[in-house]
Number of protein chains: 2
Amino acid sequence: MTDSSRAFPLTREAVQGAHQLIMPHIHRTPVFTSCTLSSLASTPQSPTALEGTAHEGHTPAHPGINLFFKCENYQRAGAFKSRGAFHALARLSDEEVQRGVVTHSSGNHAQALALAARTRGIPAYVVMPAISAPSKVSVTKAYGASVIPSGPTSQEREAVVAEVIQKTDATLIPPYDHSDIILGQGTMALEFEEQVREIPGGEQGLHAIVTPCGGGGMLSGVATAMLGTGTHVFGAEPSFQGADDCRRGLATGSRITTVKTLTIADGLRTPVGEIPWSVISDPAKVRGMFAVSEEEIKRAMALVIERMKLLIEPSAAVPVAVVLFNEEFRKLVQEEGPWNVGVVLSGGNTTLEAIGKLFAAS
Amino acid sequence: MTDSSRAFPLTREAVQGAHQLIMPHIHRTPVFTSCTLSSLASTPQSPTALEGTAHEGHTPAHPGINLFFKCENYQRAGAFKSRGAFHALARLSDEEVQRGVVTHSSGNHAQALALAARTRGIPAYVVMPAISAPSKVSVTKAYGASVIPSGPTSQEREAVVAEVIQKTDATLIPPYDHSDIILGQGTMALEFEEQVREIPGGEQGLHAIVTPCGGGGMLSGVATAMLGTGTHVFGAEPSFQGADDCRRGLATGSRITTVKTLTIADGLRTPVGEIPWSVISDPAKVRGMFAVSEEEIKRAMALVIERMKLLIEPSAAVPVAVVLFNEEFRKLVQEEGPWNVGVVLSGGNTTLEAIGKLFAAS
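For clarity, every value in this text was computed on a predicted model and none was experimentally measured.

Let's talk about unusual backbone geometry
All names here are of chain A.
Piece 1. Each neighbour pair has its own omega, and for Gly337 with Pro338 the value is 5 degrees, a cis peptide bond.
Piece 2. Within the element layout of this structure, Pro338 appears in the loop between helix H14 (327-336) and strand E10 (339-345).
Piece 3. For Gln241, which is not a glycine, the phi torsion comes out positive at approximately 50 degrees.
Piece 4. Looking at the secondary structure, you find Gln241 in the loop between strand E8 (232-238) and helix H10 (245-252).

Some thoughts on the interface of chain B and chain A
Piece 1. Taken residue by residue, the interface counts 20 residues in chain B and 20 residues in chain A.
Piece 2. Both faces considered, chain B and chain A share a buried interface measuring about 1,600 Å² in area, 68% of it formed by carbon and sulfur atoms.
Piece 3. For the chain B face of the interface with chain A, the top three residues by lost area are Tyr74, Lys309 and Leu352 of chain B, together amounting to 43%.
Piece 4. Connecting chain B to chain A are 0 salt bridges.
Piece 5. Along the contact surface separating chain B from chain A lie 9 residue pairs in polar contact (both at pLDDT 80 or more).
Piece 6. Elements that contribute at least two residues to the side of chain B that touches chain A include exactly helix H12 (294-308) and helix H15 (352-360) of chain B.
Piece 7. The dominant element in the side of chain B that touches chain A, judged by the number of residues it contributes, is H15 of chain B, at 5 residues.
Piece 8. Class assignment of the residues belonging to the side of chain B that touches chain A gives a composition of 10 nonpolar, 7 polar and 3 charged.

Looking at the packing of helix H1 (residues 12-22) of chain B against helix H3 (residues 81-90) of chain B
All names here are of chain B.
Piece 1. It is the contact of H1 with H3, at a shortest axis distance of 9 Å, that shows an interaxial angle of 90 degrees. Here H1 is positioned roughly perpendicular relative to H3, judged by the angle of their axes. Mapping the contact onto sequence places Ala18, Leu21 and Ile22 in H1 and Arg83, Phe86, His87 and Ala90 in H3.
Piece 2. Looking at the contact of H1 with H3 residue by residue, the class counts come to 5 nonpolar, 1 polar and 1 charged.

Some words on the UniProt feature "domain: Tryptophan synthase beta chain-like PALP" (unreviewed entry) in chain A
Piece 1. Cross-referencing UniProt, the feature "domain: Tryptophan synthase beta chain-like PALP" (unreviewed entry) maps to residues 61-347 of chain A in the present numbering.
Piece 2. End C-alpha to end C-alpha, residues 61-347 of chain A measures 29 Å, and it is 46% helix and 17% strand.

Examining the sheet that holds strand E8 (residues 232-238) of chain B
Strand pairing in a sheet relies on backbone hydrogen bonds. The paired strands run either parallel or antiparallel.
All names here are of chain B.
Piece 1. The strand order across the open sheet built from 6 strands is E1-E2-E10-E7-E8-E9, with neighbouring strands paired in mixed fashion. Edge strands, defined here as strands with exactly one partner in the open sheet, are strand E1 (31-32) and strand E9 (288-292).
Piece 2. Across 5 bridges, strand E7 (residues 208-212) lies against E8 in parallel orientation. Counterpart to Val210 in the pairing with E8 is Phe234.
Piece 3. Contacting E8 and E9, helix H10 (residues 245-252) crosses the sheet at an angle of about 135 degrees to E9.
Piece 4. H12 contacts E1, strand E2 (65-71), E8, E9 and strand E10 (339-345) of the sheet and is inclined by roughly 90 degrees relative to E9.

Topic: the relation of the copies chain B and chain A
Piece 1. The two copies are related by a screw operation: chain B maps onto chain A through 180 degrees of rotation and 0.0 Å of translation along the axis, at an RMSD of 0.0 Å. Here the transformation between the copies is reduced to the relation of a two-fold axis. Residues of chain B ranked by C-alpha distance from the rotation axis are headed by Gly356 of chain B, positioned 1.8 Å from it.
Piece 2. The share of interface residues of chain B whose copies in chain A are also at the interface is 100%, consistent with both copies meeting through the same surface.

Re the side chain of His87 of chain B
Residue and element names in this part refer to chain B.
Piece 1. Inspection of the secondary structure puts His87 in helix H3.
Piece 2. On the basis of relative accessible area, His87 is assigned to the buried category, the value being 0%.
Piece 3. Ignoring any residue separated from it by four or fewer positions in sequence, one finds His87 in contact with Ala18, Leu21, Ile22, Asp180, Leu183 and Gly184.

A closer look at the sheet that holds strand E1 (residues 31-32) of chain A
Residues and elements named next belong to chain A.
Piece 1. In space, the 6 strands of this open sheet follow the order E1-E2-E10-E7-E8-E9, with mixed pairing throughout. In this open sheet, the two strands that pair with only one neighbour each are E1 and strand E9 (288-292).
Piece 2. When E8 meets E9, the two strands line up parallel, connected through 5 bridges. Following the sheet pairing, Pro238 is matched in E9 by Val292.
Piece 3. Along the sheet, helix H9 (residues 217-225) contacts strand E7 (208-212), E8, E9 and E10; its crossing angle with E7, the most-contacted strand, is approximately 160 degrees.
Piece 4. Each of E1, strand E2 (65-71), E8, E9 and E10 touches helix H12 (residues 294-308); the most contacted strand, E9, lies at about 90 degrees to it.

The rules behind these values
Residues numbered from 1 in each chain as written. Chains lettered and ligands numbered in written order. Predicted model: local features only at pLDDT ≥ 70, side-chain atom pairs only at ≥ 80, totals over all residues. Heavy atoms only, no water. Helix = DSSP H or I, 4+ residues; strand = E, 2+ residues; numbered from the N terminus. Contact = heavy atoms within 4.5 Å. Buried area = accessible area lost by both parts, 1.4 Å probe. Salt bridge = Lys/Arg side-chain N within 4 Å of Asp/Glu carboxyl O. Polar contact = N/O pair within 3.5 Å; in protein donor to acceptor, adjacent residues only side chain to side chain. Nonpolar A, V, L, I, M, F, W, Y, C, P; charged D, E, K, R; others polar. Axes fitted to C-alpha atoms, helices over the stretch in contact; angles between N-to-C directions. Parallel < 35°, antiparallel > 145°, perpendicular 65-115°, else oblique. UniProt positions renumbered as here; feature names shortened; annotations may be inferred. Pairing = 2+ DSSP bridges. Least-squares fit on C-alpha atoms with pLDDT ≥ 70 in both. Buried < 20%, exposed > 50% of the residue type's maximum accessible area, 1.4 Å probe, protein only.

Below you can see the structure in the form of structure tokens.
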């Protein structure tokens, strides 16, 4: 899928180069702090909270955690994906750019690519399963993309993409398995480390960054950006129905390529991609992966929305849940901390209707 | 209820004095802009949107509106009420302060007063109906207040307040009918006008500010702060079950003192107070009041939460609804604009459960 002959090497310098290119087009999103959430993260969980887990009966961890939140929910098109999309387009040749771009996605990447294409004044073709939520189709169209329906399976989807490419000669920009996308997502971390140092209490910089991991574009980008800085990089996944494919793959040493999960963190249902895996599976780059339950994701999501007054989508709550509820992560910080921990609030694209459904039954 | 012998006159200078006093204790909350909402506000409503209203069949207004949002949902304790509470406490004598403060409120004022009292290290007594939502009681207690239950009627509540005062000699700090509270709330407007001038597109400052109006503390404070500046000040109320008591009172020239409404904008169910009325009823200070329907409030709330990713409570959506949907306001801006319009997002104290109930049925 990627034109590796032209791909930039995955280095911190290449991320800095990407940042220069996309800066005119993206928001330098704000970094928030929260006394309430930092204090909660630094308080041991109750022993009853650990019942039924591997940590039942153990003394709950007592880490020192000072939290910083990078608000990519305020990024253009509502998620970090705009960084990768603008960068991938910036790297196309003049001739390629004229022919337009194509992708298959029903999520934030589709909207980001549509926005980036509109900004360049070129066509964007987005292949979406015909059964996609009408709201997602209309948002993608509102950003100026041509939405082309496909069948629901990945084979059907790829057949339609191939058809579009044959007709239009558009360039495929996949959502994460592409080095320009990875470098673009990594720019988030460059801003994050600078911004934290300007905040009272953040003078020491970030000891750790925790990002969500679906296809792994963001996690591998952040790990690339942080190379040599001393900041530990961690990934966060839902555990529901095996959505923690990256964590499980690392345990066995080989990438898991198929996942079928309906986790509420719908941006993280996809297995980790090949190029992201090449970064994430290097323990010098990503120090660990942690998984959390659906209930923990919901509790973290409610805390961020109700206490911090920030709208985030479920996927963005996953790293927050790791910091608050994952005992393995918390024991690590207890041993090595206290730490300034940066959490990436990856996106805010959800609706009150969806929130109503998620939280009505609870 | 107020010690008028000691009350400061309601002048812009007095608001500036209040600001100096409370600045160490409150947040200078951010001002947000939104291309999406400004563009929506500057687009005529569809003729069908006006069906069944007094404007049916008329050409929809086409105002030029550049919106600025003052995010008091990020204020301490989650609402602008902290401004008035910290100011009222700052104005007490050393002797009074030692005896503590008392109020009756089940809303944002109770939490704000509890926070201000805790900061001063003095007791706060909050009289709340025994039937109050347990979540509201526990939040108020979490801020360190003693919560004292009362019966549900205002007579029963006032009897308990009188009892508390007799026992403790605490000073009553009412939620809005008090000049120190009004001056405190007005400090919001001093920050707002400064901040807007620093934002690209806001160099001309604010032509108008629209604030919610319940008891009228915020609206009268803003009108006081803006005296002589040329900024037009408007109030926004729900129309449901007569909650637009201030608008109706102005139409007949006399204050309405009783309102029974269950509008979703629960911070605005109370009738306007006597001292706020003395300001609001002066057309040189407040230029107009506008009312909106429950459906309009919900639509505005969804737009702010989903598009701006900001959690606001229903009361905070009321001025947004006026700007987007009230044809009288919109015709006025069409005639006199284009305007920079400042909207006060007054608070963010709601829960996902409450949002679920509000939006599940829609």
